[in-house]
Amino acid sequence: MFLRPFSRARQAALAAAGTLFAFGTASAAETAFIIPPPALDASAAGAAQEKAVIAGGCFWGVQAVFQHVKGVTSAVSGYAGGQAATADYNTVSGGRSGHAESVEITYDPKQVSYGQLLQIYFSVAHDPTQLNRQGPDSGTQYRSTVFPANDDQRKVAEAYIAQLNKSGVYPKALATTVEPLKAFYPAEGYHQDYLVRHPYSMYIMVNDVPKVENLAKTFPAAYRDKPVLVNP
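A brief report on the enclosed structure follows. (Residues numbered from 1 in each chain as written. Predicted model: local features only at pLDDT ≥ 70, side-chain atom pairs only at ≥ 80, totals over all residues. Heavy atoms only, no water.)

With respect to the packing of helix α4 (residues 114–125) against helix α7 (residues 202–218)
Two quantities define a packed helix pair, namely the angle between the axes and the distance from one axis to the other.
Phase 1: Closest axis-to-axis distance for the α4/α7 pair is 9 Å, and the angle between their directions is 120 degrees. What the angle tells us is that α4 and α7 run oblique. The handedness of the crossing between α4 and α7 comes out as right-handed. Across from I120, S123, V124 and A125 in α4, the residues of α7 making contact are K211, N214, L215 and T218.
Phase 2: Across the contact of α4 with α7, the residue classes tally to 4 nonpolar, 3 polar and 1 charged. (Axes fitted to C-alpha atoms, helices over the stretch in contact; angles between N-to-C directions. Helix = DSSP H or I, 4+ residues; strand = E, 2+ residues; numbered from the N terminus. Parallel < 35°, antiparallel > 145°, perpendicular 65-115°, else oblique. Left-handed = near helix turned anticlockwise from the far one by under 90°. Contact = heavy atoms within 4.5 Å. Nonpolar A, V, L, I, M, F, W, Y, C, P; charged D, E, K, R; others polar.)

This is the structure we're talking about:
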């Protein structure tokens, strides 16, 4: 099976993941935060499908989580926050492009609300207290960021971050930023459906499989076993 060479930062992360696995600490790599639903949520009225763009570390795991959420019709790995000219993996991996590894989620608001997607995002998709990093990955491209598509999404995201900071659930304040959505750029094809195509990758087993397992345990009503894939 051919695998494209990764950046030096990702190679270091893979090595760190291998060390965790070797010492039997893989289960500690990902923790689910049990959090309340948002007090303010977006209305289900309107379009049959809506989009949400979020960033929370390596897009492989974030994509995999939302591919298993009922009501989600598409979850695409990509880049947001920077310009079109720098929306490629090698440039983004340098940490100076302004982009974050992101996921664009297309969903049916009558089946799952924007607030419910954010609850999953803040609970099992990543650790929102980590600044410019997630687990073994570090750099601004791995920042925790919500990119609202409209003013309603912005209000829900900002209110929820404030609510969660007051809840006392997290050991420290959330590092999540809310940034304007300039554009979303899909990532290269070899990044799409990565967990499904490489389930036994050391990095995936340590960092990303636990996210999907946490989704199934923490949000059983929202979980679906068969993921919706970019390339079925």
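Focus on the side chain of D127
Phase 1: One can find D127 in the loop between α4 and β4 (133–134).
Phase 2: One buried charged side chain, D127, makes no salt bridge at all; its nearest oppositely charged neighbour is K172, positioned 7.1 Å away.
Phase 3: Of the polar contacts made by the side chain of D127, one reaches the side chain of T129; its length is 2.7 Å.
Phase 4: Contact partners of D127, with chain neighbours within four places excluded, come to F33 and Q134. (Buried < 20%, exposed > 50% of the residue type's maximum accessible area, 1.4 Å probe, protein only. Lys, Arg positive; Asp, Glu negative; His and termini not counted. Salt bridge = Lys/Arg side-chain N within 4 Å of Asp/Glu carboxyl O. Polar contact = N/O pair within 3.5 Å; in protein donor to acceptor, adjacent residues only side chain to side chain.)

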